Amino acid sequence: MKTANGNDKLGKENCIVVSRPVGDTCPSTCAFLGNGCYAEQTEKIYPGVRPAGMQNVITERGRIRSMIIDAERKGKSIRWHERGDWFLDGKLDTDYVDNVVWACESILADGGSLPDMWFYTHIYDSRLVSMNKYMAVYASVHNAQDVLDAKAVGFKLFAWCDSDQKIATKRPRGKVKAQQWRDSLPKLVVIDNEKYVTCPEIRRGRGVVTCTPTKNSVACNLCVKGLGNVLFPSH
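Everything quoted here is computed from the prediction, not taken from an experiment.

Each value, and the rule that gives it
- Residues numbered from 1 in each chain as written.
- Predicted model: local features only at pLDDT ≥ 70, side-chain atom pairs only at ≥ 80, totals over all residues.
- Heavy atoms only, no water.
- Buried < 20%, exposed > 50% of the residue type's maximum accessible area, 1.4 Å probe, protein only.
- Helix = DSSP H or I, 4+ residues; strand = E, 2+ residues; numbered from the N terminus.
- Arc of directions from axis to C-beta.
- Pairing = 2+ DSSP bridges.

A. Representation of helix α7 (residues 175–184) in the model. The set of residues buried in α7 consists of Ala178, Trp181 and Arg182. Looking straight down α7, one finds its buried side chains confined to an arc of 100°; they lie on one side. Away from its buried face by more than 90 degrees, α7 exposes Val176, Lys177, Gln180, Asp183 and Ser184.

Laid out in structure tokens, this is it:
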């Protein structure tokens, strides 16, 4: 199982990242694919990134189990799919899902504990919802219809991507303007009776807040522990 340490947003000290190749493992309906996807750009800028993600296309349940156990032993959280998703060639990668589920169940059956784990997905499938027994499961949504579609298969947590810039304009360039933009962001937004917390890392600035704990930042833990819905302003 190919993994990496976290980054400036996730926290480098206490987070392990699992990624998969962009496109190959994503639904073609993803609003970001071919439309400013940061993960897609990362693969283009850094030649070694995509081959690393490809190593997680074929998975072994024993290696997944070992990775999860090691993360728990080290007190680290796992961010599934910073790049990529649970698809493979246009459909749910059931072998992969089954391997992850087996790994989690095996650890629990042996009396072990799971680390904090979370993922966002553009795939609205009840088989992914069922993984909420082991980790925080977020449906990435862009509009009211997405929320309805995700709710229809059982999703309870939502990551609203403000790609249409209805909540806020896109973060401007320049340090001063960017800070003014952050200061203007609401802490909490209610959309169709659902409450969304504006991502604290985006609102307060990189290096101030990270998803997981570091020595020099405040740990958010909102998504890591599945504490509520999150809003990601366009940035």
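And the narrative resumes.
B. Spatial organisation of unusual backbone geometry. For Asn193, which is not glycine, the phi torsion reads 70° and is therefore positive. Turning to its location among the elements, Asn193 is positioned in the loop between β9 (188–191) and β10 (194–198). You can call Asn193 exposed: its relative accessible area is 77%. Despite not being glycine, Asn221 shows a phi value in the positive range, around 70°.

C. Looking closely at the pairing of strand β3 (residues 77–80). Where burial is concerned, the two faces of β3 agree: the one with Ser77 and Arg79 and the one with Ile78 and Trp80 are both buried. Across four bridges, the pairing between strand β2 (residues 15–18) and β3 is parallel. In the strand pairing of β3, Val18 is matched with Trp80. Judged from the two bridges that link them, β3 and strand β6 (residues 117–121) form a sheet pairing that is parallel. Of the residues in β6, the one forming a bridge with Ile78 is Met117.

Purely geometric stuff here, so don't read any function into it on its own.
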